[in-house]
Amino acid sequence: MRLKISLLKEPKHQELVSCVGWTTAEELYSCSDDHQIVKWNLLTSETSQIVKLPDDIYPIDLHWFPKSLGIKKQTQAESFVLTSSDGTPVYSVVWGPDSEKVLYTAGKQLIIKPLQPNAKVLQWKAHDGIILKVDWNSVNDLILSAGEDCKYKVWDSYGRPLYNSQPHEHPITSVAWAPDGELFAVGSFHTLRLCDKTGWSYALEKPNTGSIFNIAWSIDGTQIAGACGNGHVVFAHVVEQRWEWKNFQVTLTKRRTMQVRNVLNDAVDLLEFRDRVIKASLNYAHLVVSTSLQCYVFSTKNWNTPLIFDLKEGTVSLILQAERHFLLVDGGGIYLYSYEGRFISSPKFPGMRTDILNAQTVSLSNDTIAIKDKADEKIIFLFEASTGKPLGDGKLLSHKNEILEIALDQKGLTNDRKIAFIDKNRDLYITSVKRFGKEEQIIKLGTMVHTLAWSDTCNILCGLQDTRFTVWYYPNTVYVDRDILPKTLYERDASEFSKNPHIVSFVGNQVTIRRADGSLIHISISPYPGILHEYVSSSKWEDGVRLCRFVKEQTMWACLAAMAVANRDMTTAEIAYAAIGEIDKVQYINSIKDLPSKESKMAHILMFSGNIQEAEMVLLQAGLIYQAIQININLYNWERALELAVKYKTHVDTVLAYRQKFLETFGKQETNKRYLQYAEGLQIDWEKIKAKIEMEITKEREQSSSSQSSKHIGLKH
């Protein structure tokens with residue numbers, strides 16, 4: 001990526017230009033120490049003087065109101081605020097993303113002042129020289145600062161340093177975020193730099209401008225204007241952005257031209273657009289490109305005939321893709337389209353602000369759209385992709401801490417859809433998106449996780465964990481058998497990725513990671529877990545077992561064990577658990593096989609996975625009251641065991657007998673009031689109790705065999 005600079009031969013101002021501000025993507029105003037305000041038309045390359053300010057007013061900064069949110073027929077901004085010098089030491093001030101705080105400079109200090117009375121002011125020393133410029137982005141919530149110490153820095157909103165540049169030759173006089181928060185620009189003497197949000201530099205240009213005192217991004221984020229010390233206004237277009245997917249490389253070579261290269265055969269295609277390209281995304285065998293007015297959808301199989309449709313609103317700020325469809329976000333809303341260009345849905349929720357959404361706060365799968373709320377950052381809204389309506393019973397996903405990043409898994413059935421997220425403590429969690437009545441468990445998968453991604457071909461998750469790169473080959477293991485989760489992981493040292501690396505993509509079995517210096521690293525993980533996922537999704541259990549025997553890795557057997565239990569295939573589970581030496585679990589599975597009815601088997605499989613309440617419910621619904629009581633006795637859930645016995649008026653003596661035996665084993669006396677109440681005057685007869693239990697088991701066996709035979713009779717008819 002680089003900046004294409006354009007500069008007029010002669011400056012339009014007689015003195016240094018102090019500030020610039022865009023009204024539309026093609027119109028800009030500049031202010032100068034020569035007291036003039038000049039309007040620039042980029043389509044016609046014409047300039048005109050608008051205002052001559054009084055001689056004692058020296059403009060410092062300019063902001064237009066209203067801030068356009070990308071409406072197609074861009075309304076002309078009618079009014080602006082202009083600040084001028086009056087000797088105060090505040091060189092720069094900006095609003096916080098929620099407009100409830102302001103950030104301003106005071107010498108070498110940065111100060112965040114909330115507008116609420118008595119709220120705590122955050123202040124820290126940010127530079128070794130006077131701070132000349134700050135900016136605060138509403139999408140990524142990150143702060144930029146520039147100083148006379150010749151450095152620019154990136155901070156989070158708590159004042160923690162994220163990036164500290166090397167010293168330049170001259171003071172940094174300006175910094176500015178691109179609207180979507182993915183890039184920022186830095187201005188200095190004869191210097192204009194384009195940087196990634198993490199701080200590393202994409203491009204460095206050396207225009208003949210003097211110091212660049214102010215930088216303004218166009219509303220669509222495709223171009224920059226700089227206010228120059230020698231009276232010029234410098235313009236720069238962002239070009240040579242690159243997108244990669246499998247064997248395809250797409251490069252934006254000019255504002256309206258893309259080049260597609262197939263690295264397998266070196267075939268090159270040129271894509272021409274009517275209007276300037278604003279956003280693009282390449283994934284799932286499709287390239288989606290938004291221009292200022294239209295959306296183009298290309299298939300990687302055919303670059304010659306794109307599908308084209310007009311955009312509902314205007315400037316697209318985000319494109320997300322899933323296998324079946326893609327999502328466009330602009331200032332007016334969120335829109336889901338098929339790759340054939342058919343509009344599918346547009347999810348909405350109260351207080352929705354689309355201008356601050358990014359790839360970390362929105363996630364898309366074939367059936368679900370997830371959006372992290374900005375008003376309450378502990379909440380995730382979940383929508384059905386096909387209708388745009390809230391998922392399930394409309395219940396929100398709520399977490400105990402603020403959530404930083406969300407990601408939906410991409411494969412499998414809708415009922416099994418999972419979402420992974422990282423919270424502000426850098427803990428990684430997973431939960432089901434299916435929310436009907438009962439509270440779904442939110443389970444912790446890992447700690448100190450900085451970035452994550454799901455594979456696009458199977459539900460394998462990867463993340464960078466402190467000093468380790470970790471792959472969860474079967475994250476659902478936490479729902480099935482948490483004990484063996486460590487055996488289903490792949491881990492390697494991540495120190496080679498340097499500080500603050502970021503996962504860019506996870507395609508097939510290749511993970512792409514961007515280091516803090518901007519370089520890309522490609523990691524290939526084992527293809528076998530992905531093949532195992534495919535076998536299991538097609539119920540090819542024998543093939544799965546054969547694959548594990550061929551690979552001879554504990555990780556594969558552990559994944560197969562968890563997959564088999566999740567799919568109730570206990571024969572495969574027994575083989576897999578035996579292979580990883582989990583003998584007690586093999587014995588338990590064997591005992592399940594000997595149970596008389598399918599309901600009992602199902603209940604014990606659920607118990608194996610720790611779903612005690614569901615196991616009990618299965619038994620009660622089948623009328624197996626004694627069995628429901630017995631599983632609570634086995635788990636020492638004495639209160640619940642007695643509660644069921646009393647409620648269904650059966651086996652109260654059985655519960656009391658087992659309780660008495662339990663207390664005697666530990667040499668203790670009964671102290672529970674309910675047990676004392678029901679034990680009063682009751683003689684425990686173990687012979688009688690054993691006979692009753694035997695009768696219950698016989699009855700269950702007979703019921704099971706009669707239901708089986710009735711099925712066979714039905715089949716014969």
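Residues numbered from 1 in each chain as written. Predicted model: local features only at pLDDT ≥ 70, side-chain atom pairs only at ≥ 80, totals over all residues. Heavy atoms only, no water.

The name recorded for the chain in an unreviewed UniProt entry is Intraflagellar transport protein 80 homolog isoform X2, from Panthera pardus.

S.K.: Talk me through the overall build of the chain; I want residue IDs and the actual numbers.
M.R.: On a plain count of helices and strands, the chain comes out with 13 helices and 49 strands. Counting only C-alpha atoms and orienting by the principal axes, one finds that the chain spans roughly 110 × 65 × 45 Å. A total of 717 residues make up the chain; the buried ones form 51% of that total. For the chain, the share of sequence-separated contacts (at least 6 apart) that also reach a separation of at least 24 residues comes to 44%. (Helix = DSSP H or I, 4+ residues; strand = E, 2+ residues; numbered from the N terminus. Buried < 20%, exposed > 50% of the residue type's maximum accessible area, 1.4 Å probe, protein only. Contact = heavy atoms within 4.5 Å.)

S.K.: Lay out the side chain of Gln 465 with the relevant residues and their values.
M.R.: Its place among the elements puts Gln 465 in strand β44 (residues 461-465). In this structure the side chain of Gln 465 is engaged in a polar contact, spanning 2.7 Å, whose partner is the side chain of Thr 470. When neighbours within four sequence positions are excluded, Gln 465 is seen to be in contact with Gly 446, Thr 447, Met 448, Val 449, Thr 470, Trp 472 and Glu 491. (Polar contact = N/O pair within 3.5 Å; in protein donor to acceptor, adjacent residues only side chain to side chain.)

S.K.: So, unusual backbone geometry: which residues are in play, and what are the values?
M.R.: You will see that Asp 466, though not glycine, has its phi angle at about 50 degrees, which is positive. Its place among the elements puts Asp 466 in the loop between β44 and β45 (468-472). Phi is positive for Ser 539, which is not a glycine, with a value near 55 degrees. Turning to its location among the elements, Ser 539 is positioned in the loop between α2 (528-537) and α3 (541-551).

S.K.: Please provide a residue-by-residue account of the pattern of salt bridges, values included.
M.R.: Following the criterion strictly, the structure yields 35 salt bridges and no others. One salt bridge connects Asp 275 with Arg 274, and the closest N-O pair in it is separated by 3.2 Å. With a relative accessible area of 14%, Asp 275 lands in the buried category. Linking Arg 353 and Asp 355 is a salt bridge whose minimum nitrogen-to-oxygen distance equals 3.1 Å. (Salt bridge = Lys/Arg side-chain N within 4 Å of Asp/Glu carboxyl O.)

S.K.: Talk me through the environment of Tyr 339; I want residue IDs and the actual numbers.
M.R.: For Tyr 339, the position within the fold is in the loop between β33 (333-338) and β34 (343-345). On a C-alpha basis, the gap between Tyr 339 and Phe 298 in space is 8.5 Å, while along the polypeptide they are 41 residues apart. The residues touching Tyr 339, leaving out its near neighbours within four places in the chain, are Tyr 284, His 286, Val 288, Val 297, Leu 307, Gln 321, Ala 322, Glu 323, Arg 324, His 325 and Phe 326. Within polar-contact distance, the side chain of Tyr 339 engages the side chain of Gln 321 at 3.2 Å. A polar contact is formed between the side chain of Tyr 339 and the backbone oxygen of Ala 322, at a distance of 2.7 Å.

S.K.: So what about the packing of α2 against helix α4 (residues 554-566)? Which residues, and what values?
M.R.: Running from N to C, α2 and α4 cross one another at 20 degrees; their axes reach a closest spacing of 11 Å. The angle between α2 and α4 falls in the class roughly parallel. Crossing hand, α2 versus α4: right-handed. Seen from α2, the contacting residues are Tyr 528, Pro 529, Leu 532, His 533 and Val 536; seen from α4, they are Met 556, Cys 559, Leu 560 and Met 563. (Axes fitted to C-alpha atoms, helices over the stretch in contact; angles between N-to-C directions. Parallel < 35°, antiparallel > 145°, perpendicular 65-115°, else oblique. Left-handed = near helix turned anticlockwise from the far one by under 90°.)

S.K.: Quick rundown of the sheet that holds β44? Include the residues and the values.
M.R.: An order of β43-β44-β45-β46 is seen for the 4 strands of this open sheet, with the pairing classed as antiparallel. Both outer strands of the open sheet, β43 (449-454) and β46 (489-493), are each paired with one neighbouring strand and no more. Strand-to-strand twist in this sheet, taken as the mean axis angle between neighbours without regard to direction, amounts to 15 degrees. (Pairing = 2+ DSSP bridges.)

S.K.: Talk me through the nonpolar core; I want residue IDs and the actual numbers.
M.R.: Ranked by size, the top nonpolar core spans 47 residues in total, and within it Phe 469, Leu 560 and Tyr 577 carry the most contacts. Here the element with the most residues in this core is α4; it accounts for 10 residues. Counting 19 residues, the second-largest nonpolar core is a separate cluster that includes Ile 625, Ile 631, Ala 645 and Tyr 675. (Core = buried A, V, L, I, M, F, W, Y, C linked by side-chain atoms within 4.5 Å.)

S.K.: Describe in detail helix α10 (residues 638-647), supporting the description with residues and values.
M.R.: Three or more residues of α10 are buried, namely Trp 638, Ala 641, Leu 642, Leu 644 and Ala 645. Projection of α10 onto a plane perpendicular to its axis shows the buried side chains occupying an angular sector of 160 degrees, all on one side. For α10, the elements touching its buried residues are α8 (612-621), α9 (625-634), α11 (652-665) and α12 (673-679). Count one or two residues on from α10 and you reach Lys 649, which has phi positive near 50 degrees. (Arc of directions from axis to C-beta.)

S.K.: I'd like a description of α11, backed by residues and values.
M.R.: Along an α-helix, a turn takes 3.6 residues, which lines up residues three or four apart on a common side. Between its terminal C-alpha atoms α11 stretches 20 Å, which fits the 20 Å expected from 14 residues at 1.5 Å a residue. Looking at α11, one finds that the buried residues are Asp 653, Thr 654, Val 655, Leu 656, Ala 657, Arg 659 and Leu 663. With its phi angle positive at about 60 degrees, Gly 667 sits one or two positions after the end of α11. (Expected span 1.5 Å × (residues − 1).)

S.K.: Explain the packing of aromatic side chains residue by residue, including any values.
M.R.: Summed over the entire model, instances satisfying the criterion amount to 29 aromatic pairs. Where Phe 273 meets Phe 298, the ring centres are 6.0 Å apart and the plane angle is 85 degrees; that geometry is what we call edge-to-face. Of this pair, Phe 273 sits in the loop between β26 (267-272) and β27 (277-283) while Phe 298 sits in strand β29 (residues 294-299), and the two are 25 residues apart along the sequence. Of the two residues examined, Phe 273 and Phe 298, each falls in the buried class. Seen in terms of ring centroids, Phe 326 and Tyr 339 are 5.5 Å apart; in terms of plane orientation they differ by 35 degrees. Their pairing is tilted. You can see Phe 326 sitting in strand β32 (residues 325-330) and its partner Tyr 339 sitting in the loop between β33 and β34, a full 13 residues away along the chain. For the pair shown, Phe 326 and Tyr 339 are each scored as buried. By the ring-pair criterion, three or more aromatic residues cluster together here, those being Phe 248, Phe 273, Tyr 296, Phe 298 and Trp 303. Here the basic side chain of Lys 418 rests over the ring of Tyr 479, its NZ or CZ set 5.1 Å away from the ring centre. We note Arg 659 situated over the ring of Tyr 675; from NZ or CZ to the ring centre the distance is 4.8 Å. (Phe/Tyr/Trp six-rings, centres within 6.5 Å; stacked < 30°, edge-to-face > 60°. Lys NZ or Arg CZ within 6 Å of the ring centre and 35° of its normal.)

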